[in-house]
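Chains, contacts and geometry: an overview
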Amino acid sequence: MGTIRERDNRIDVICQHNRDRTIMPIKIRLTDEYGERQTYMITAYKDLSGGDYTLPNGVAVRGHIRTFECKIAVFGTERLIRIIYNSDENQWRLVGAQ
């Protein structure tokens, strides 16, 4: 995986939305430093968003930013990345890669 362009960290994500309100990222596609589109399968992920919380009036809510730590395979090497989903903007972003 090449260097990600700093100006634009938006990515395409194929994910599954489950009826228990969880999201499972499956595959990502991003643009590398050469302007090429690269696709990676997510082999494992962890939702770092925290859980629901309850307002004083008893309504259960969840924040609009969801954070995921994901493992992807890049040329046979496992890499750890962090992606976020903003449900207000309906947009995924890459926020960190190792």
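The following refers to the structure shown. (Residues numbered from 1 in each chain as written. Predicted model: local features only at pLDDT ≥ 70, side-chain atom pairs only at ≥ 80, totals over all residues. Heavy atoms only, no water.)

With that out of the way, let us pick up the nonpolar core. Buried together is how nonpolar side chains tend to be arranged in soluble globular proteins. Counting residues in each nonpolar core, the largest one holds 16 residues, and the members touching the most others are Ile11, Ile28, Ile81, Ile83 and Trp92. For this core, the secondary structure elements donating two or more residues are strand S1 (10–17), strand S2 (23–31), strand S3 (37–47), strand S6 (65–74), strand S7 (77–86) and strand S8 (91–97). The biggest single contributor to this core is S6, with four residues. (Core = buried A, V, L, I, M, F, W, Y, C linked by side-chain atoms within 4.5 Å. Buried < 20%, exposed > 50% of the residue type's maximum accessible area, 1.4 Å probe, protein only. Helix = DSSP H or I, 4+ residues; strand = E, 2+ residues; numbered from the N terminus.)

Turning our attention to the pairing of S6. When S3 meets S6, the two strands line up antiparallel, connected through five bridges. Residue pairing for S6: Ile42 is matched across the bridge by Ile72. As judged from the 10 bridges shared by S6 and S7, these two strands associate in the antiparallel manner. In the sheet register, Val74 faces S7, and the bridge partner there is Thr77. With antiparallel pairing between neighbouring strands as the criterion, S6 and S7 make up a hairpin whose turn holds two residues, including Phe75 at a positive phi of roughly 50°. (Pairing = 2+ DSSP bridges.)

A few words now on unusual backbone geometry. In this structure, Phe75 is a non-glycine residue whose phi angle is positive, near 50°. Within the secondary structure, Phe75 is located in the loop between S6 and S7. Given a relative accessible area of 81%, Phe75 falls into the exposed group. Located in the positive-phi region is Asn90, a residue other than glycine, with phi close to 55°.

Pairing between side chains of opposite charge can happen when the charged atoms of each approach one another. On inspection of all chains with the given rule, the structure shows five salt bridges. Between Asp12 and Arg29 there is a salt bridge, and its shortest N-O distance comes to 2.9 Å. Residue Asp12 is located in strand S1, and its partner Arg29 is located in strand S2; the two are separated by 17 residues in the primary sequence. Overall, the relative accessible area of 31% leaves Asp12 in the partly exposed class. With a relative accessible area of 38%, Arg29 lands in the partly exposed category. The closest approach of N and O atoms between Arg37 and Asp12, which form a salt bridge, is 2.4 Å. Here the residue Arg37 occupies a position in strand S3, and Asp12 occupies one in strand S1, the gap between them amounting to 25 residues. (Salt bridge = Lys/Arg side-chain N within 4 Å of Asp/Glu carboxyl O.)

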